[in-house]
Structure formats: structure tokens, C-alpha cells
Amino acid sequence: AHELEAAKQESAGTLRRAEFDAVAARTEALSAIETARRLRDDVVPRMVKATESTEAAWISSRATILDVLDARRLLLVARMEERRSLAEALGALETLRTLSPGAFSKTKTSP
């Protein structure tokens, strides 16, 4: 009887940990997706415009080549951050899928 109770408690603890891990993975995925979306829709387009503006200024001798290179570097960093956020989201979703494989099946089955 004591062993059965201990097994039940261990099982309940494992379930609580899995639920906590699932919530954490979902939160991480949502946050990373939002970050990637913000970078894609707002930051990267602004950086593209800034780079184009800096290149135009360089052509008209109002900026240096170093200014152009710096603008291009910042644009590259923003694009890398977007991809990093997407990779983070995919990793979190994979963790979530591992914790609950049935939740991601393509076919729905009725109970």
C-alpha cells in the first residue's frame, strides 16, 4: 500500500513537471514568434529604408563608406535576430510536441 501511494505521488509529480514544461514551452514559442513578427514587420523594413538612405547619402557625398557598411551591418543583425527568434520558436514548439505528441497530429480522432 505504501509503495502504491509513493508511485501515485511520483506519477503526479511527473505530470505536474510535464505540465509546467508545456506551459513554459508554449510561452517561449509565443514570445519568440511575436519577436520575429515584430522584427519582420517593423524593424527590418525600417533598417532597409535606413540602409537605402545611407547609400543615397554616400552617393551624394553626404555619408562615408563606413556609414554605409555600418547600416548594412545593422540590417544584417536585425535579419539574423529575426531568424534566431524563429529558430527559438521552432525549438519550443518541438519541446511542446515532445511533451504532448497527440496535440500535433494531423488527423483528429474522436474520443
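Report follows, based on the coordinates. None of these values were measured; they are calculated from a predicted model.

Here Glu82 lies in helix H2 (residues 65-99). Buried within the structure, Glu82 lacks any salt-bridge partner; its nearest side chain of opposite charge belongs to Arg83, at an N-O separation of 4.5 Å. If we skip the residues at most four places from it in the chain, Glu82 touches Ala36, Leu39, Arg40 and Val44.

A few words on the pattern of salt bridges. Throughout the structure, instances matching the rule amount to seven salt bridges. Residue Arg37 is joined to Glu34 by a salt bridge in which the shortest nitrogen-to-oxygen separation is 3.5 Å. Of this pair, Arg37 and Glu34 both sit in helix H1 (residues 2-59), three residues apart, which is roughly one turn of that helix. According to the relative accessible area criterion, Arg37 is partly exposed, its value standing at 39%.

Definitions and cut-offs
- Residue positions within a chain follow its written sequence, with the count starting from 1.
- In keeping with the predicted nature of the model, local features appear solely for residues at pLDDT of at least 70, side-chain atom pairs appear and are counted solely at 80 or more, and the whole-chain, interface and lining totals rest on all residues.
- No hydrogens and no water enter the side-chain calculation; it runs on all heavy atoms of the structure.
- Counting from the N terminus, the helices are the DSSP runs of H or I reaching at least four residues and the strands are the DSSP runs of E reaching at least two.
- Residue burial is assigned from relative accessible area. The probe radius is 1.4 Å, only protein chains are included, and a residue is buried under 20% of its type maximum, exposed over 50%, and partly exposed in between.
- Counting rule applied: Lys, Arg positive; Asp, Glu negative; His and chain ends not counted.
- Whenever Lys or Arg places a side-chain nitrogen within 4 Å of a carboxyl oxygen from Asp or Glu, that contact is recorded as a salt bridge.
- A contact between two residues is defined here by any heavy atoms of the two lying within 4.5 Å.

Don't take any of this as a statement about function, it's just geometry.
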